[in-house]
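# Structural overview for review
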Amino acid sequence: MSTAKTPVAILLSGRGSNATALIDAARDPAFPARICLVLSNKPDAPGLEMARQAGLPTRAIDHRLFGKDRAAHEHAIHAALEEAGAKAVCLAGYMRLLTPYLTNAWAGRMLNIHPSILPSFPGLHTHERALEAGVRLHGCTVHLVTEGMDEGPILGQAAVPVLPDDTADMLAARVLRQEHALYPLALRHFLTQNPATAANSAALVVA
Ligand SMILES: Nc1nc2c(c(=O)[nH]1)N[C@@H](CN(C=O)c1ccc(C(=O)N[C@@H](CCC(=O)O)C(=O)O)cc1)CN2
Ligand SMILES: NCC(=O)N[C@@H]1O[C@H](COP(=O)([O-])[O-])[C@@H](O)[C@H]1O
């Protein structure tokens, strides 16, 4: 088994705490990935500045410059990923719905972290919806990205309890701590397994 690190690009839109968890994990010589690029659709994303401070290559490709032409924006992103030599992509708080152009180009090698136990609560505002639903367990999911929103094969999940006096912010903070543990584990598992079986393996439960 080659010990070469797989070049992985990270796409983010905001704070970048999941990107930080992946970047920190990749510092370990035994971790099977190296971060080859951190790219954002928001030039002022704090996560981009964090990556610059970490000495990593960064790109900002502002979706607003492409108006309603999502495909043109994604062509620019794809070119940047190819130029950086990425072999896999991790969406880490990337808040744009991707078209089939990019999801097909990166089919089976684009991962996303989502703040719910899928298939419950796909999309946005997951913590508020979990509280409204009265679920007792909540959490996060790492999945492969497909054309459908948050529908791709699950690679890993983590669960947390929902406590009686929880607010959405308290629940989000408890889930975020698990996200930072789950994403590096799920990426390591994905990269070190035989790609043919990776998506069909038992989900990693870390909490
Ligand atoms: N084709 C796919 N695209 C994306 C997926 C996916 O599974 N398939 N995962 C998402 C991440 N995500 C939830 O995990 C998500 C991100 C964004 C949105 C959304 O409605 N975005 C709006 C814009 C919101 C904004 O700019 O703040 C939009 O794109 O119009 C829903 C779910 C990443 N993409
Ligand atoms: N639908 C995608 C989505 O909601 N992603 C969520 O956005 C946050 C980004 O935080 P971060 O920028 O600190 O990693 C994370 O909680 C992630 O699960």
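Residues numbered from 1 in each chain as written. Chains lettered and ligands numbered in written order. Predicted model: local features only at pLDDT ≥ 70, side-chain atom pairs only at ≥ 80, totals over all residues. Heavy atoms only, no water.

Under an unreviewed UniProt entry, the name given to the protein is Phosphoribosylglycinamide formyltransferase, and the source organism is Acetobacter okinawensis. Reading the Sequence similarities (unreviewed entry) entry of the UniProt record for the protein gives the comment "Belongs to the GART family." Regarding the protein, the UniProt comment filed under Function (unreviewed entry) reads as follows: "Catalyzes the transfer of a formyl group from 10-formyltetrahydrofolate to 5-phospho-ribosyl-glycinamide (GAR), producing 5-phospho-ribosyl-N-formylglycinamide (FGAR) and tetrahydrofolate." (UniProt positions renumbered as here; feature names shortened; annotations may be inferred.)

Per-residue pLDDT for the protein averages 93, and the proportion of residues at 70 or more is 92%. Low pLDDT, under 50, characterises residues 196–202; the predicted model gives this stretch 10 contacts beyond four residues in sequence or across chains. The ipTM for the predicted assembly is 0.97, set against a pTM of 0.95. (pLDDT = per-residue confidence, 0-100. Contact = heavy atoms within 4.5 Å.)

Right, let's get into the UniProt feature "site: Raises pKa of active site His" (unreviewed entry) in the protein. Here the UniProt feature "site: Raises pKa of active site His" (unreviewed entry) sits at Asp150. Position of aspartate 150 among the secondary structure elements: in the loop between β6 (137–144) and β7 (154–161). A residue is classified by how much of its surface remains accessible, and aspartate 150, at 13% relative accessible area, is buried. (Helix = DSSP H or I, 4+ residues; strand = E, 2+ residues; numbered from the N terminus. Buried < 20%, exposed > 50% of the residue type's maximum accessible area, 1.4 Å probe, protein only.)

The next point concerns the site of ligand 1. Of all residues adjacent to ligand 1, which total 18 residues, the nearest are Arg70, Arg96, Leu97, His114 and Asp150. Here an oxygen atom of ligand 1 sits 2.9 Å away from a polar atom, N or O, in the main chain of leucine 97. With respect to ligand 1, the backbone of glycine 148 contributes an N or O atom lying 3.2 Å from a nitrogen atom. For ligand 1, the protein covers 81% of the area, taking 700 Å² as the surface of the free molecule. Here the residues of the shell around ligand 1 are counted per class, giving eight nonpolar, six polar and four charged. Counting the residues that make up the shell around ligand 1, at least three belong to each of domain 1 (1–106) and domain 2 (112–206). (Near = heavy atom within 4 Å. Polar contact = N/O pair within 3.5 Å; in protein donor to acceptor, adjacent residues only side chain to side chain. Areas by Shrake-Rupley, 256 points an atom, 1.4 Å probe, with all protein chains shown as cover. Nonpolar A, V, L, I, M, F, W, Y, C, P; charged D, E, K, R; others polar. Domains from an automatic or database assignment.)

Along helix α2 (residues 46–53), the residues that are buried comprise Gly47, Leu48 and Ala51. In an axial view of α2, the angular spread of the buried residues amounts to 105°, which keeps them on one side of the axis. With respect to the buried face of α2, the exposed residues turned more than 90 degrees away are Pro46 and Gln53. Looking at the buried side of α2, the elements it contacts are β1 (6–12), β2 (33–40) and β3 (58–60). (Arc of directions from axis to C-beta.)

This part takes up the packing of aromatic side chains. Aromatic ring pairs: the centre-centre distance and the angle between the two ring planes describe each pair. Taken as a whole and assessed by the stated rule, the structure comprises zero aromatic pairs. Sitting over the ring of tryptophan 106, arginine 109 keeps its end group 4.0 Å from the ring centre. (Phe/Tyr/Trp six-rings, centres within 6.5 Å; stacked < 30°, edge-to-face > 60°. Lys NZ or Arg CZ within 6 Å of the ring centre and 35° of its normal.)

Let us now look at the UniProt feature "binding site: (6R)-10-formyltetrahydrofolate" (unreviewed entry) in the protein. The UniProt record marks Arg70, Met95, Arg96, Leu97, Leu98 and Asn112 with the feature "binding site: (6R)-10-formyltetrahydrofolate" (unreviewed entry), using the residue numbering of this structure. Mapped onto the elements, arginine 96 comes out in the loop between β4 (88–91) and α4 (100–105). Among residues more than four places away in sequence, those in contact with arginine 96 are Asn41, His63 and Arg70. With respect to the helices and strands, leucine 98 occurs in the loop between β4 and α4. Taking the relative accessible area as the measure of exposure, leucine 98 reaches 11% and is therefore buried. Setting aside anything within four residues of it in sequence, one finds leucine 98 in contact with Glu74, Leu91, Thr103, Met110 and Val145.

This part takes up the site of ligand 2. Taken together, Arg15, Gly16, Ser17, Asn18, Gly93, Met95, Ile113, His114, Pro115, Gly123, Leu176 and Glu179 are the residues near ligand 2. A distance of 2.8 Å is found between an oxygen atom of ligand 2 and a backbone nitrogen or oxygen belonging to glycine 16. Taking glutamate 179, its side chain carries an N or O atom lying 2.7 Å from an oxygen atom of ligand 2. When ligand 2 sits alone it has 450 Å² of accessible area, and the protein chains cover 86% of it. For the shell around ligand 2, the secondary structure elements donating two or more residues are α1 (17–26), β5 (110–114) and α6 (168–192). The residue inventory of the shell around ligand 2, partitioned by class, reads four nonpolar, six polar and two charged. The residues that make up the shell around ligand 2 include at least three from each of domain 1 (1–106) and domain 2 (112–206).

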